[in-house]
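Here are the chains, one letter per residue:
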Amino acid sequence: MRRILNALGDLLLTALAAVGTLCILATAAALVGGVSLIMFSTGSMSPTIAAGSVALVRPVAAADVRVGDIVTVERNGRLPVTHRVRAIGPSSGALRVLTLRGDANDADDLETYRVASVRLVMFSVPGTATVVASLGRPAVL
């Protein structure tokens, strides 16, 4: 019985060390590369990115965005929106006019977005938003 408890203890410590290493790497990536996480509460990007997913995003200049990219754009006084780039309109210096649409939507967004920078979605992990949100609770911290 003691051997089993020791093995379980070793396994738990290894798992915690792996989580700690991931936290250190994520912090370094955030500080150096500006990467961050966004959580999806709606299904407008389904099936590509389902509600409840978490995505890793990084800031990029709007000039580097291509049709087909999934980007997050800021909106004054409202939550940011993350949708796929459908068209890139005329530019003025560093500004680009982006037409976006959620993969689950039948039509483009009603408004276009005039932006100098966006956050580009690098990848997403379905079903992890609840876990990530719980990590920010005081009891967990």
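Preceding this section is the structure that the text describes.
Basis of the calculations
- Residues numbered from 1 in each chain as written.
- Predicted model: local features only at pLDDT ≥ 70, side-chain atom pairs only at ≥ 80, totals over all residues.
- Heavy atoms only, no water.
- Helix = DSSP H or I, 4+ residues; strand = E, 2+ residues; numbered from the N terminus.
- Contact = heavy atoms within 4.5 Å.
- Areas by Shrake-Rupley, 256 points an atom, 1.4 Å probe, with all protein chains shown as cover.
- Lys, Arg positive; Asp, Glu negative; His and termini not counted.
- Charge placed at Lys NZ, Arg CZ, Asp CG, Glu CD.
- Salt bridge = Lys/Arg side-chain N within 4 Å of Asp/Glu carboxyl O.
- Buried < 20%, exposed > 50% of the residue type's maximum accessible area, 1.4 Å probe, protein only.

Chemist: Can you walk me through the overall build of the chain in this structure?
Modeler: Per the secondary structure count, the chain includes two helices and seven strands. For the chain, the α and β elements follow one another from N to C terminus as α-β-β-β-β-β-β-β-α. In the chain, the share of contacts with a sequence separation of at least 24, taken over all contacts with a separation of at least 6, comes to 49%. Accessible area of the chain: about 9,200 Å², with a carbon and sulfur share of 64%. For the chain, the centre of its 13 positive side-chain charges and the centre of its 9 negative side-chain charges are spaced 6 Å apart.

Chemist: Please explain the pattern of salt bridges as it appears in this structure.
Modeler: Charged atoms that come close allow side chains of opposite charge to pair. Counted according to the given criterion, the structure contains five salt bridges. Across the pair E111 and R78 runs a salt bridge whose closest N-O atoms are separated by 2.6 Å. With E111 in the loop between β5 (96–101) and β6 (113–115) and R78 in strand β4 (residues 78–88), this pair connects stretches of sequence that are 33 residues apart. The salt bridge involving D108 is made with R101; its shortest N-O contact spans 2.9 Å. Look at D108 and you get partly exposed, because its relative accessible area is 30%. Several salt bridges share partner residues, and in doing so they unite R86, R101 and D108 into one network.

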